[in-house]
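# Structural overview for review
Chain by chain, the residues:
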Amino acid sequence: MLNDRNMKHDPLQNKRTEGDINNTHARNNWIDGITDVKTLRLLEKDARYFFHQAMSTPCLDVLGNCSGPHIENISGKRYLDFHGNNVHQLGFSHPKLVKRLTEQLQGLSFSTRRYTNEPAIKFAEKLASLLPSDLNRVLMTPNGSSAVGIALKLARAVTGKFKVVSFWDSFHGASLDAISVGGEAVFREYMGPMMPGVERIPPPVTYRGIFEGNEAKCLEYLEYVFAKEGDIGAFIAETVRNTDVQLPSVTFWKAARALCDKYGVVLILDEIPIALGRTGKMFAFEHYGIEPDILCLGKGLGGGIFPQACMVTRDRYNTFPDISLGHYTHEKSPLGAMAALTTLEIIEEEKILHKVAGDSLTMCTSMTILKEKYELIGDIRGRGLLWGVELVNNRETKEKAVEKAEQVMYNCLKNGLSFKVSAGNVLQLAPALTITRTELKNAIQILEHALDSVSN
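By size, the foremost hydrophobic cluster in this structure holds 100 residues, and its most contacted members are F235 and V408. Broken down by element, the residue count for this core peaks at 9 residues, all from helix α12 (residues 334-349). Setting aside chain neighbours within four positions, we find F235 in contact with V165, F167, L222, F226, W253, A256, C260, V265, V266, L267 and I268. Counting residues in hydrophobic clusters, the runner-up holds 23 residues, among them A147, A155, V266 and I268.

Interaxial distance between helix α3 (residues 25-32) and helix α14 (residues 402-414) falls to 10 Å at its minimum, and their mutual angle equals 20°. Judged by the inter-axis angle, α3 sits roughly parallel to α14. Between α3 and α14 the crossing geometry is right-handed. Residue-level contacts link A26, R27 and W30 of α3 to E406, Y410, L413 and K414 of α14.

With that settled, consider the pairing of strand β7 (residues 232-238). Successive residues of a regular strand alternate their side chains across the two faces of the sheet. Across the 7 residues that make up β7, a large majority, 7, are buried. Bridge count between strand β5 (residues 163-167) and β7: 3 bridges; the pairing is parallel. From the neighbouring strand, K163 faces β7, where its bridge partner is I232. In this sheet, strand β8 (residues 266-270) lies alongside β7 in parallel orientation, the contact comprising 5 bridges. When the sheet's bridge partners are listed, E238 is paired in β8 with D270. With helix α11 (residues 250-263) bridging β7 and the parallel β8, this β-α-β connection has right-handed handedness.

A few words on helix α7 (residues 144-159). Taking 1.5 Å of rise per residue, the 16 residues of α7 would be expected to cover 22 Å, and the 23 Å separating its terminal C-alpha atoms lies within 8% of that figure. Between the side-chain oxygen at the start of α7 and the backbone nitrogen of S145 there is a gap of 3.3 Å, and the oxygen is on N143. Once α7 ends, the next one or two residues include G160, with phi positive near 75°.

This brings us to the pairing of strand β12 (residues 386-391). Counted residue by residue, β12 has 6 buried out of 6 residues, so it is predominantly covered. Burial along β12 is two-sided: L386, G388 and E390 facing one way and W387, V389 and L391 facing the other are all buried. As paired elements, strand β11 (residues 377-383) and β12 share 6 bridges and run antiparallel to each other. Bridge pairing in β12 links R381 to G388. The loop that links β11 with its antiparallel partner β12 comprises 2 residues; one of these, G384, has a positive phi angle of about 65°. Two elements, β12 and strand β15 (residues 426-429), share 4 bridges in a ladder whose sense is antiparallel. Residue V389 lies in a different strand from β15, and its bridge partner there is L427.

Procedures and definitions
Residues numbered from 1 in each chain as written. Predicted model: local features only at pLDDT ≥ 70, side-chain atom pairs only at ≥ 80, totals over all residues. Heavy atoms only, no water. Core = buried A, V, L, I, M, F, W, Y, C linked by side-chain atoms within 4.5 Å. Buried < 20%, exposed > 50% of the residue type's maximum accessible area, 1.4 Å probe, protein only. Helix = DSSP H or I, 4+ residues; strand = E, 2+ residues; numbered from the N terminus. Contact = heavy atoms within 4.5 Å. Axes fitted to C-alpha atoms, helices over the stretch in contact; angles between N-to-C directions. Parallel < 35°, antiparallel > 145°, perpendicular 65-115°, else oblique. Left-handed = near helix turned anticlockwise from the far one by under 90°. Pairing = 2+ DSSP bridges. Right-handed = clockwise from strand over helix to strand, strands pointing away. Expected span 1.5 Å × (residues − 1). Polar contact = N/O pair within 3.5 Å; in protein donor to acceptor, adjacent residues only side chain to side chain.

Next up, the structure:
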């Protein structure tokens, strides 16, 4: 019999998985509280001309500037941005990146297909130097969804098999192929039929869920599907689940990698939101002592300025010159390549990985203290500068504190801290990796004030 504490029905739960939803009473109250005339006029125009979609409309505010770890509205109010769409590893408007892109704009601003350019070559060479063994072959693309699409096509070509295993609640992008392998219902509503051959399994989680605290059962299920289907070509997964911050163990990933090898399955790791230092390593898989066969990167690869993503794979898979796996107009964008190359350089030059390791200890200590202080917090999870704070109405039943999570979020927004709520009740905290220790502590104080207010 399923445990009711984890299965309590919420008609909106499937719409809350990726982020906070935008048509709640709390969101309407926030909008009603805006008094700046220009802001209200622009929000009204935004609602009039842009297509409405979940998690985007109505917008919270109108931005006028961004720098470092902050975003700023047109009235001059600043928010510490712990959301950032996961593009802000370097913070916003990093001066070296702005300078490099400005210089590039004054020279080669576009590269026509069939031609190459020096920034693209330098980026590919630099990326390959950071990756292990024969992960040396790159295809550039303007967005993460496209990188996932290329990865899925390559896996089919390599294995001759079209079936894919993925996790429920995973997010791999918003295009039709990406939502087909993704596990979030909010993206699939009205969209059927999906791409065939996708087998989803429950993910390994430590707090709530079918396999709560039992990764061995998840691995058993994974092998069961591999064996029963017999023609699985790829297993696609987020190395670390970004949205509500789920961190599998080293044991899990080593065993999953071994199962892929045993059954001839290509392992695709989607690190689009979590690579480039977010977890304290350049790539999250480095924590686990494994290698993917295909790696998807994006979001922060463009330094928070330019949309840039890519897929990286092994030299031995570079055997399909007669087909087009990633035939994109901006395939070797000089601007995108310069943004990505400079991003990698800045992470190294500013020793950001070392900094994030220290910040991680600060976050761990601070979140542990908050959990001990507030019964509202059921669980904390994190690594580097990616943390999830799960709010519950009761620690025994683990009932999700959905309304209180919204109250905490809007209280924090009021006081200058922006983040998203995932899975209905998880505060996802992902600041710029360049945030100062003082700014980090200020953000934690804002969060504590909100938790105190809601708890009392």
